[in-house]
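# Residue-level structural notes
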Amino acid sequence: MIIDLHQVTWTRGANTLLSNVDWQVRPGEHWALLGLNGSGKTTLLNMITGYLWPTSGSISVLGHRFGDVDLRELRKSIGWVSSSLQEKLYGTDRTQYVIISGKHATIGLYDDFSEEDTSLARELMRQLGCLHLWDREYRTCSQGEKQKLLIARALMANPRILILDEPCNGLDLFSRERLLESIRELALSKESPTLIYVTHHTEEILPVFSHTLLLRRGEVVQSGESADLLTTDVLSSFFEAEVVVDKHGERVYVRAAN
Ligand SMILES: Nc1ncnc2c1ncn2[C@@H]1O[C@H](COP(=O)(O)OP(=O)(O)OP(=O)(O)O)[C@@H](O)[C@H]1O
Ligand SMILES: [Mg+2]
């Protein structure tokens, strides 16, 4: 089991922010996480990475039960790409160093890297279709380019789980498609980590995301195979509003029904 959450609850004062969450992610699966603002997605990710501790319930990640494991060690196996990371990086750094420093998840420290690190960074940039950005100042890259660099940075540490928290935020239609294509290729590659993809937009849930978890007010409303969940009936009930699901090719678009 890659991720195994059993009856995980997290309360802050009178508020229950996660309630009896059960979630099992098995090898070979990639998951999408869908839920409105404030439904608890980021909180749930903070549980998996051990930054928050459940009020009750149990968590195992990569076969290690929380409580019996050195979380700092475990976190090395988990990559996390989010917009908050973007803000922490130094804009004047060269792109390849932003990536290389992902090896030890450091920011602004590049003293200790080898030839192999440099070639791995180059290979990852090639894989993600951003090798042309080599040696550019990070701050001069566009939002979409930065996201690709951050994914390459996360992969530098060879994680077994890669969390992508709304990676397409702020991207135009075409940049978004390019990033999604890179993510698709990553997911299909033999050495891909298990992907956890957080989004508000069902059309970003590519077929490589075999499974989806629907989170509402801290509760898992449903989880299972994406194809079974991304339907008019399930999503209308999930959003507590009439929505219509349109399928175009392998992508699912949702709009409010009038
Ligand atoms: N440390 C905290 N103390 C109290 N409340 C918190 C804390 N962290 C998060 N919350 C609350 O928990 C709820 C879930 O937040 P979370 O950030 O997990 O939502 P989300 O699903 O990631 O939303 P979004 O789509 O907007 O990113 C929110 O109501 C938030 O205000
Ligand atoms: Mg969030």
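How each quantity is defined
Residues numbered from 1 in each chain as written. Chains lettered and ligands numbered in written order. Predicted model: local features only at pLDDT ≥ 70, side-chain atom pairs only at ≥ 80, totals over all residues. Heavy atoms only, no water. Near = heavy atom within 4 Å. Polar contact = N/O pair within 3.5 Å; in protein donor to acceptor, adjacent residues only side chain to side chain. Areas by Shrake-Rupley, 256 points an atom, 1.4 Å probe, with all protein chains shown as cover. Helix = DSSP H or I, 4+ residues; strand = E, 2+ residues; numbered from the N terminus. Axes fitted to C-alpha atoms, helices over the stretch in contact; angles between N-to-C directions. Parallel < 35°, antiparallel > 145°, perpendicular 65-115°, else oblique. Left-handed = near helix turned anticlockwise from the far one by under 90°. Contact = heavy atoms within 4.5 Å. Nonpolar A, V, L, I, M, F, W, Y, C, P; charged D, E, K, R; others polar. Pairing = 2+ DSSP bridges. Phe/Tyr/Trp six-rings, centres within 6.5 Å; stacked < 30°, edge-to-face > 60°. Buried < 20%, exposed > 50% of the residue type's maximum accessible area, 1.4 Å probe, protein only. Lys NZ or Arg CZ within 6 Å of the ring centre and 35° of its normal. Lys, Arg positive; Asp, Glu negative; His and termini not counted. Salt bridge = Lys/Arg side-chain N within 4 Å of Asp/Glu carboxyl O. Right-handed = clockwise from strand over helix to strand, strands pointing away.

Right, let's talk about the site of ligand 1 for a bit. In the vicinity of ligand 1, 13 residues are found, and the nearest of them are Asn37, Gly38, Lys41, Thr42 and Thr43. With respect to ligand 1, the side chain of Thr42 contributes an N or O atom lying 2.8 Å from an oxygen atom. At 2.5 Å from an oxygen atom of ligand 1 is found a side-chain nitrogen or oxygen belonging to Thr43. Taking 640 Å² as the accessible area of ligand 1 by itself, protein coverage stands at 57%. Of all the elements in the fold, those that place two or more residues in the shell around ligand 1 are strand 1 (3-12) and helix 1 (41-48).

A few words on the packing of helix 6 (residues 143-155) against helix 7 (residues 173-188). Following both chains from N to C, one finds helix 6 and helix 7 inclined at 20°, their axes separated by 10 Å at the closest point. In terms of their interaxial angle, helix 6 and helix 7 are classed as roughly parallel. Crossing hand, helix 6 versus helix 7: right-handed. Residues Gln147, Lys148, Ile151 and Leu155 of helix 6 form the contact with helix 7, whose participating residues are Arg178, Leu179, Ser182, Ile183 and Leu186. A breakdown of the residues in the contact of helix 6 with helix 7 according to their chemical character gives five nonpolar, two polar and two charged.

Bringing the sheet that holds strand 6 (residues 78-81) into the picture now. With respect to topology, six strands assemble into an open sheet ordered 6-7-8-3-9-10, the strand pairing being mixed. The open sheet has two edge strands, strand 6 and strand 10 (219-225), and neither has a second partner. On average, each strand axis in the sheet is inclined to that of its neighbour by 15°, with strand direction left out of account. Sheet topology places strand 3 (residues 31-34) next to strand 8 (residues 194-199); four bridges connect them, and they run parallel. Residue pairing across strands places Leu33 opposite Val198, the latter belonging to strand 8. This element, helix 1, spans strand 3, strand 6, strand 7 (161-165), strand 8 and strand 9 (211-216) of the sheet and lies at about 135° to strand 3. Contacting strand 6 and strand 7, helix 6 runs over the sheet at an angle of about 165° to strand 6.

Positioned with a positive phi, Gln7 is a non-glycine residue whose angle comes to about 50°. Within the secondary structure, Gln7 is located in strand 1.

Before going further, it helps to spend a moment on the packing of aromatic side chains. Tallying each qualifying case throughout the model produces four aromatic pairs. Judged by centre distance (5.6 Å) and plane angle (75°), the rings of Trp23 and Trp31 are edge-to-face. Judged by relative accessible area, which is 0%, Trp23 ranks as buried. With centroids separated by 6.1 Å and ring planes inclined at 20°, the aromatic side chains of Trp53 and Phe66 adopt a geometry described as stacked. Of this pair, Trp53 sits in the loop between helix 1 and strand 4 (56-61) while Phe66 sits in the loop between strand 5 (64-65) and helix 2 (71-75), and the two are 13 residues apart along the sequence. Residue Phe66 is classed as buried on the basis of its relative accessible area, which comes to 10%. The ring of Tyr138 carries the charged tip of Lys146 above its face, separated from the ring centre by 5.4 Å.

Our next topic: the sheet that holds strand 4. As summarised here, the arrangement of the four strands in space is 2-1-4-5, forming an open sheet in which the pairing is antiparallel. The open sheet is flanked by strand 2 (15-25) and strand 5, the only strands paired with a single partner.

So, about the side chain of Glu29. For Glu29, the location among the structural elements is in the loop between strand 2 and strand 3. One buried charged residue, Glu29, forms no salt bridge at all, with the nearest opposite charge on Arg26 at 4.3 Å. A polar contact is formed between the side chain of Glu29 and the backbone nitrogen of Arg26, at a distance of 2.9 Å. At 2.9 Å, the side chain of Glu29 and the side chain of Trp31 are in polar contact. When residues no more than four places from it in sequence are discounted, the contact partners of Glu29 are Gln24, Thr194, Leu195, Ser210 and His211.

Extensive coverage of strand 8 is indicated by the burial of six of its six residues. What you see with strand 8 is no split at all: Thr194, Ile196 and Val198 on one side and Leu195, Tyr197 and Thr199 on the other are buried throughout. Looking at chain direction, strand 7 and strand 8 are connected through five bridges and run parallel. The residue bridging Ile161 from the neighbouring strand is Thr194, located in strand 8. Crossover handedness for the path strand 7 to helix 7 to strand 8: right-handed.

Read these as geometric descriptors, not functional statements.
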